[in-house]
Amino acid sequence: MRLVIALGGNALLRRGQALSADNQLDNVRIAAAQLARVALKHEVVLTHGNGPQVGLLALQSAAYTAVQGYPLDVLGAQTDGMIGYLLEQELSNLLPPSKVVVTLLTRVEVDLADPAFAKPSKPIGPIYRSEEAERIGAEKGWVMAADGAGFRRVVASPHPQRVLGLDPIRWMLAHQALVIAAGGGGIPVAVGDDGRSRHGVEAVIDKDLCSGLLARELKSDCLIIATDVDAVYLDWGLPGQRALRLVSPVELARHAFPPGSMGPKVEAASRFATDTGNRALIGSLENIEAMLEGRAGTEVRRDVAAPLDSSSHGFHLVG
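Source: prediction; values computed, not measured. (Residues numbered from 1 in each chain as written. Predicted model: local features only at pLDDT ≥ 70, side-chain atom pairs only at ≥ 80, totals over all residues. Heavy atoms only, no water.)

Of the regular secondary structure elements, the protein holds 9 helices and 18 strands. Against the compact-globule benchmark of 20 Å for 319 residues, the protein has a radius of gyration of 19 Å, which places it among compact chains. With the principal axes as the frame, the protein shows a C-alpha extent of 60 × 50 × 45 Å. Looking at the protein as a whole, 54% of its 319 residues qualify as buried. Of the contacts formed within the protein by residues at least 6 apart in sequence, a portion of 76% connects residues at least 24 apart. (Helix = DSSP H or I, 4+ residues; strand = E, 2+ residues; numbered from the N terminus. Rg over C-alpha atoms; globule rule 2.2 N^0.38 Å. Buried < 20%, exposed > 50% of the residue type's maximum accessible area, 1.4 Å probe, protein only. Contact = heavy atoms within 4.5 Å.)

Printed below as a string of structure tokens:
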């Protein structure tokens with residue numbers, strides 16, 4: 001099968017871990033071991049998150065005051081190269097020499113009229129305590145928002161409109177390569193006033209929404225959103241909570257999800273399943289093979305009948 005696998009940022013840096021190169025490499029090695037087994041059997045396009053990394057680079061850039069800090073599109077490109085390199089090297093160490101692994105910096109077009117520019121929602125960078133967040137936000141002019149028990153910087157996250165460079169991705173897949181593309185949701189660009197040239201945009205695109213768009217454009221057989229939770233849950237946090245194993249996009253659309261984290265996962269899976277008729281899977285990376293076999297995770301499929309009575313349940317994607 002042709003798979004697009006969206007690798008969550010937790011696979012690179014677990015919540016609460018220091019943003020160190022050693023921690024990231026250790027986590028990438030664990031992820032690569034899971035992904036390599038899948039890549040031996042299937043055609044894979046791998047995407048990844050970059051929230052902690054792009055936020056750290058923004059902090060480092062802002063700390064050097066001799067020049068103006070680098071914009072988010074440039075920082076996003078830097079994270080694509082860094083994370084792509086780590087994934088490419090560790091996957092290449094595990095796969096046979098005949099299986100080429102390629103990292104492609106990918107530009108993704110966004111609309112400057114997207115209302116997301118007026119409502120920052122995408123969390124990036126480290127987690128701060130309340131006092132730290134207030135001080136840093138005031139010093140740097142950043143918007144800060146709650147994330148779990150702490151606070152993080154939030155930035156604009158416009159919807160991806162078009163993935164640029166699809167032909168090279170198709171060419172590499174045709175030559176049996178494992179392609180790492182659209183890292184961090186892709187490098188955000190917009191069309192200029194002349195209607196032809198493009199320029200970088202101060203934003204971070206959600207990697208799940210971009211992965212869903214990429215999966216549709218590549219006519220993938222399956223979209224996998226690999227994260228640190230095992231499924232979508234009904235009645236999350238209540239005594240009777242249970243994992244949802246099979247659900248339709250129509251049923252998921254009845255419920256609201258947080259826009260900066262969980263919402264895009266559900267939206268991407270639902271859109272892919274609706275538009276293609278193929279499966280979208282949400283679950284933990286360590287269960288990726290079982291997910292493909294229908295033994296783990298949540299499967300979103302448009303031909304699933306709605307439950308007889310879903311009025312008492314709330315769908316929650318946790319993690």
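This next bit is on the sheet that holds strand β5 (residues 122-128). Within a sheet, adjacent strands bond to each other through the backbone by hydrogen bonds, running parallel or antiparallel. Strand order in the open sheet formed by 3 strands is β5-β7-β6, and the pairing between neighbours is antiparallel. The sheet is open, and its two edges are formed by β5 and β6 (143-147), each paired on a single side. Each neighbouring strand pair of the sheet contributes to a mean axis angle of 40°, computed without reference to strand direction. Bridge count between β5 and strand β7 (residues 150-155): 4 bridges; the pairing is antiparallel. Looking across to β7, one finds that K122 is bridged to V155. Its contacts with the sheet place helix α4 (residues 130-140) against β5, β6 and β7, and it is angled at close to 120° to β5. (Pairing = 2+ DSSP bridges. Axes fitted to C-alpha atoms, helices over the stretch in contact; angles between N-to-C directions.)

Looking down a regular strand, the side chains alternate between one sheet face and the other. With 5 of 6 residues buried, strand β2 (residues 43-48) lies mostly within the body of the structure. Bridge count between strand β1 (residues 2-7) and β2: 6 bridges; the pairing is parallel. In the sheet register, A6 faces β2, and the bridge partner there is T47. Inspection of the sheet shows β2 paired to strand β9 (residues 178-181) by 2 bridges, in the parallel sense. Directly across from V45, in β9, lies its bridge partner V179.

This brings us to the side chain of K207. Tracing the chain through its elements places K207 in helix α6 (residues 207-217). Under the relative-accessibility criterion, K207 is labelled buried at 7%. Here D208 takes part through its side chain, which lies 2.9 Å from a polar atom of the side chain of K207. Every residue in contact with K207, bar those within four places of it in the chain, is listed here: A6, L7, G8, T47, H48, G49, G184, G185 and K265. (Polar contact = N/O pair within 3.5 Å; in protein donor to acceptor, adjacent residues only side chain to side chain.)

Here we come to the pattern of salt bridges. Tallying each qualifying case throughout the model produces 17 salt bridges. Here K122 ties to D206 by a salt bridge, and the two come within 3.2 Å at their closest N and O atoms. Taken together, the residues span a long stretch of sequence, with K122 in strand β5 and D206 in the loop between β11 (198-200) and α6 at a distance of 84 residues. The pair K122 / D206 is uniform in exposure class, with both members buried. Taking the shortest distance from any N to any O, the salt bridge between D208 and K207 comes out at 2.9 Å. Take D208 and K207: they sit in the same class, and that class is buried. One salt-bridge network, held together by shared partners, links R279, E299, R301 and D303. (Salt bridge = Lys/Arg side-chain N within 4 Å of Asp/Glu carboxyl O.)

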